[in-house]
Amino acid sequence: MSPTPPPLRTLAIDFGLKRIGLALSDAGGRFATPLEVIEVARPDDAYPHIHAWIEKEDVRRLVVGLPLNMNGSRGPAAAAVVKWSKALEHHANVELIFVDERLSTYEASQQLIERKRGGEHLTRKDQKRRLDALAAASFLQAYLDGQLPPLEP
């Protein structure tokens, strides 16, 4: 188990070519909450929106999910995430951390299934709109709890 990160406001990013999920920690850096899903024509279109959140919430750290292959290796998708994230880091001037996101989308979809079973009405569109933000919150919470170590870019 890795040490718990220092408390500071953290924004998590679940990168996608069409949708980018965001989650935010509390100011004490202990709890992750799904924030929103940004729908984009191109991933670079999300930069101004993310910068606005960084400024508004005084974010000091970005935690970006790295889509590793199931065997732990890195493919073209992981390389694209690193490249996109490095450009964001350069302009945002915040700490950038990568974490393994392999099972975060699965865990998020399970949460949505449980909510539907609990009686919450969620259309397919609602599920799509929430899934990426829930995935970001899932890996952010694991990171904040010290259960998900940072990865080298």
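Up top you'll find the structure we're talking about.
First, a word on scope: everything that follows refers to the structure included in this document. Each chain carries its own residue numbering, running from 1 in the written order of its sequence. It should be noted that, the model being predicted, local features are given only for residues of pLDDT at least 70 and side-chain atom pairs only at 80 or more, the latter also being counted only at that level, while totals for whole chains, interfaces and linings use all residues. As a convention, hydrogens and water are excluded, and side-chain values are obtained from all of the structure's heavy atoms.

## Topic: the overall build of the protein chain
To be explicit about the condition: Helical segments are the DSSP runs of H or I of at least four residues, strand segments are the runs of E of at least two, and each set is numbered from the N terminus. Each residue gets one of three labels from its accessible area relative to the maximum for its type: buried under 20%, exposed over 50%, partly exposed in between, using a 1.4 Å probe on protein chains only. Per-residue accessibility takes into account occlusion by the displayed protein chains alone, with areas from the Shrake-Rupley method and a 1.4 Å probe.
Scanning the protein chain from N- to C-terminus turns up four helices and five strands. For the protein chain, the α and β elements follow one another from N to C terminus as β-β-β-α-β-α-β-α-α. Looking at the protein chain as a whole, 44% of its 153 residues qualify as buried. Entry remark: accessible area of the protein chain is about 8400 Å², with carbon and sulfur atoms responsible for 53%.

## What to know about the environment of T10
What counts, and what does not: Two residues qualify as a contact provided that any one of their heavy atoms is within 4.5 Å of a heavy atom in the partner residue. Each polar contact in these results corresponds to two N or O atoms within 3.5 Å; when the atoms are within protein, one needs to be able to donate a hydrogen and the other to accept it, and residues that are neighboring in sequence are counted only if both atoms are side-chain atoms.
Structurally, the position occupied by T10 is in strand 1 (residues 10-14). Judged by its relative accessible area of 0%, T10 is buried. For the pair formed by T10 and E57, sequence separation is 47 residues and the distance between their alpha carbons is 9.1 Å. With near-sequence residues (within four places) excluded, T10 lies in contact with A23, L24, S25, V59, R61, V63 and L140. Among the polar contacts made by the side chain of T10, one reaches the main-chain carbonyl oxygen of L8 at a distance of 3.2 Å.

## Re helix 2 (residues 76-92)
Every α-helix carries 3.6 residues per turn, so stepping three or four residues along brings you back to the same face. To be explicit about the condition: In this scheme, a helix's expected span is set at 1.5 Å multiplied by one less than its residue total.
A rise of 1.5 Å per residue sets the reference length of helix 2, with its 17 residues, at 24 Å; its end C-alpha atoms lie 24 Å apart and thus fit the reference within 8%. The complete set of buried residues in helix 2 reads A78, V81, V82, W84, S85, L88 and A92. Against strand 1, strand 2 (19-25), helix 1 (47-57), strand 4 (61-66) and strand 5 (95-100) lie the buried residues of helix 2. Backbone geometry just downstream of helix 2 places N93 in the positive-phi region, at approximately 55°.

## Focus on the pattern of salt bridges
Which entries qualify depends on this criterion: By definition here, a salt bridge exists when the distance from a side-chain nitrogen of Lys or Arg to a carboxyl oxygen of Asp or Glu is within 4 Å.
Across all of its chains, the model carries four salt bridges by this definition. Across the salt bridge formed by R42 and D45, the nearest N and O atoms sit 3.3 Å from each other. What makes R42 partly exposed here is its relative accessible area of 47%. Given a relative accessible area of 38%, D45 falls into the partly exposed group. A salt bridge links D58 to R60; its shortest N-O distance comes to 2.8 Å.

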